Amino acid sequence: MEGAVAAGLWGFVGGSALLIGAAIAYLVHLPQRLIAAIMAVGSGVLISAVAFDLMDDAYARGGFDAAALGFFGGALVYTAANILVSRAGAKHRKRSGSNPAQSQADADEGSGLSIAIGALLDGIPESVVIGVSLLQGAGVSLVTVAAVFLSNVPEGLSSAAGMKKAGRSAGYIFGVWGAIAAASGVAAAIGYVTMAGAGPDIIAATTAVAAGAILAMLVDTMIPEATEETHEFSGLIAVAGFLLAFMLTKLEG
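Residues numbered from 1 in each chain as written. Predicted model: local features only at pLDDT ≥ 70, side-chain atom pairs only at ≥ 80, totals over all residues. Heavy atoms only, no water.

S.K.: What is the right way to read the overall build of the protein from this model?
M.R.: Across its full length, the protein carries seven helices and zero strands. Classification of the 253 residues of the protein by burial places 53% in the buried group. (Helix = DSSP H or I, 4+ residues; strand = E, 2+ residues; numbered from the N terminus. Buried < 20%, exposed > 50% of the residue type's maximum accessible area, 1.4 Å probe, protein only.)

So, in structure tokens, the structure goes:
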């Protein structure tokens, strides 16, 4: 029980960055290029976490077959789910730049719900990984929590900026992101409980599934937002985020 509570708390810590990003976007007017640059940093951070933390752990636990099948399976499931919520009105849920109104202005209850579901879809894999990391017996993976936290700040910031431009109320914006942050904690706890006692191959596959879903999410949603405004500098900024997460991985090791 204590492990599940700890997992839930760490999951909420990672998810709380969504609220921080939303608060920054709501209270302070930030240039579009700065928002995109922050999104590029978050993309680099998560790419590094996927490569050097999640997939390394999955391979070490279950070998190539579990890691590869889980990785591709996670990307496949995420892509299918993302297509569904995108067609329901959440395609531009991370947009803060050009024409955020495509999905957020004049959104009816259905598309507003789709935005929330889409944000939850983006956050669940990250949260499950946080919960699973506690099963190693050496405490939570601080690299994973830091990577999730650092990537969630620009996600909340970008989406909230778009929602604010689209005329959404403060109650709507903070209600959505508060609920997603709480759900992140629940997902981490569920990940811990359901994977407790599971064999190495199952844990490896689960970690790889989350890694595949995260990478697919980056390419589908975060990276397009980052490159839309920063253009030729987006790669360099993402490299800085990648290096930051890589350093955290080595410091923890």
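The rest of the description comes next.
S.K.: How should helix 4 (residues 142-165) be read in this particular structure?
M.R.: An α-helical turn contains 3.6 residues, so any two residues separated by three or four positions project in the same direction. Its 24 residues give helix 4 an end-to-end C-alpha distance of 35 Å, which sits within 8% of 34 Å, the value for a rise of 1.5 Å per residue. Within helix 4, 18 of the 24 residues are buried, leaving the element largely enclosed by the surrounding structure. The positive-phi residue at the C-terminal boundary of helix 4 is Gly167, with phi of around 90 degrees. (Expected span 1.5 Å × (residues − 1).)

S.K.: Could you clarify how one ought to interpret the nonpolar core in this entry?
M.R.: Where a protein is soluble and globular, its nonpolar side chains tend to be buried together. Core analysis: the biggest nonpolar cluster contains 24 residues, and Leu46, Val50, Leu54, Met55, Tyr78, Ile214 and Met222 have the highest contact counts within it. At the level of secondary structure, the elements contributing two or more residues to this core comprise helix 2 (32-90), helix 3 (109-133) and helix 6 (200-230). Not counting residues up to four positions away in its chain, the partners in contact with Met55 are Val50, Ala67, Phe71, Ala208 and Ala211. If you look at the next biggest cluster of nonpolar residues, it comprises 14 residues, including Ile35, Met163, Tyr172 and Trp177. (Core = buried A, V, L, I, M, F, W, Y, C linked by side-chain atoms within 4.5 Å. Contact = heavy atoms within 4.5 Å.)

S.K.: Explanation requested: a nonpolar patch on the surface in the structure shown.
M.R.: Taken together, the side chains of Ile20, Ile24, Leu27 and Val28 make up a nonpolar region of the molecular surface, amounting to roughly 350 Å² of accessible area. Among the secondary structure elements, Leu27 is positioned in helix 1 (residues 2-27). (Patch = residues over 30% accessible without salt bridge, like charges linked within 9 Å, V, L, I, M, F, W, Y side chains within 5 Å. Areas by Shrake-Rupley, 256 points an atom, 1.4 Å probe, with all protein chains shown as cover. Salt bridge = Lys/Arg side-chain N within 4 Å of Asp/Glu carboxyl O.)

S.K.: What exactly am I supposed to notice about the environment of Gly199 here?
M.R.: Along the polypeptide, Gly199 turns up in the loop between helix 5 (170-195) and helix 6. Among the residues examined, Gly199 registers a relative accessible area of 31% and is labelled partly exposed. Sequence spacing of Gly199 and Gly62 is 137 residues, and the spatial spacing of their C-alpha atoms is 9.0 Å.

S.K.: What should I look at first to understand the UniProt feature "transmembrane region" (unreviewed entry) in the protein in this one?
M.R.: Using the residue numbers shown here, the UniProt feature "transmembrane region" (unreviewed entry) corresponds to residues 6-27, 34-54, 66-85, 170-195, 202-219 and 231-249. Along residues 6-27, the helical share is 100% and the strand share 0%, with 31 Å between the first and last C-alpha atoms. Secondary structure within residues 34-54 divides into 100% helix and 0% strand; the distance between the first and last C-alpha atoms comes to 29 Å. (UniProt positions renumbered as here; feature names shortened; annotations may be inferred.)

S.K.: How should I be thinking about the confidence of the model for the protein in this particular structure?
M.R.: Low-pLDDT stretches of the model should not have their predicted coordinates read in fine detail. Per-residue confidence for the protein gives a mean pLDDT of 80; residues scoring 70 or more make up 84%. Low pLDDT (under 50) marks residues 99-112, which in the prediction has 27 contacts with non-local residues, meaning those over four places away or in another chain. (pLDDT = per-residue confidence, 0-100.)

S.K.: What am I meant to see in the packing of helix 4 against helix 5 here?
M.R.: Between helix 4 and helix 5, whose axes approach to 10 Å, the crossing angle comes to 155 degrees. Between helix 4 and helix 5, the angle is such that the two are roughly antiparallel. The chirality of how helix 4 crosses helix 5 is right-handed. For the pair helix 4 and helix 5, the contacting residues are Glu155, Gly156, Ser159, Ala160, Met163 and Lys164 in the first and Tyr172, Ile173, Val176 and Trp177 in the second. Broken down by class, the residue content of the contact of helix 4 with helix 5 amounts to six nonpolar, two polar and two charged. (Axes fitted to C-alpha atoms, helices over the stretch in contact; angles between N-to-C directions. Parallel < 35°, antiparallel > 145°, perpendicular 65-115°, else oblique. Left-handed = near helix turned anticlockwise from the far one by under 90°. Nonpolar A, V, L, I, M, F, W, Y, C, P; charged D, E, K, R; others polar.)

S.K.: Is there a simple way to explain the packing of aromatic side chains in this structure?
M.R.: What characterises a pair of aromatic rings is the spacing of the ring centres plus the angle enclosed by the ring planes. Under the criterion given, the structure shown has three aromatic pairs. Measuring from centroid to centroid gives 5.6 Å for Tyr26 and Phe174, while their planes differ by 70 degrees, and the two rings are edge-to-face. One end of the pair, Tyr26, is in helix 1; the other, Phe174, is in helix 5, and 148 residues separate them in sequence. Overall, the relative accessible area of 27% leaves Tyr26 in the partly exposed class. On the accessibility criterion, Phe174 (27% relative accessible area) is partly exposed. Taking 4.9 Å as the distance between ring centres and 65 degrees as the angle between the ring planes, the aromatic pair formed by Phe52 and Phe246 counts as edge-to-face. Remark: Phe246 occurs in helix 7 (residues 234-252) and Phe52 occurs in helix 2; sequence separation between them is 194 residues. Overall, Phe52 belongs to the partly exposed group, its relative accessible area being 28%. Site record: aromatic cluster; members linked through ring pairs are Phe52, Phe242 and Phe246. (Phe/Tyr/Trp six-rings, centres within 6.5 Å; stacked < 30°, edge-to-face > 60°.)

S.K.: What is the right way to read the packing of helix 1 against helix 5 from this model?
M.R.: Two numbers describe how helix 1 lies on helix 5: the axes approach to 7 Å, and their chain directions differ by 160 degrees. Of the possible angle classes, the one that applies to helix 1 and helix 5 is roughly antiparallel. Our pair here, helix 1 against helix 5, has a crossing hand that is right-handed. Looking at the contact of helix 1 with helix 5 residue by residue, the classes come out as 19 nonpolar, eight polar and no charged.

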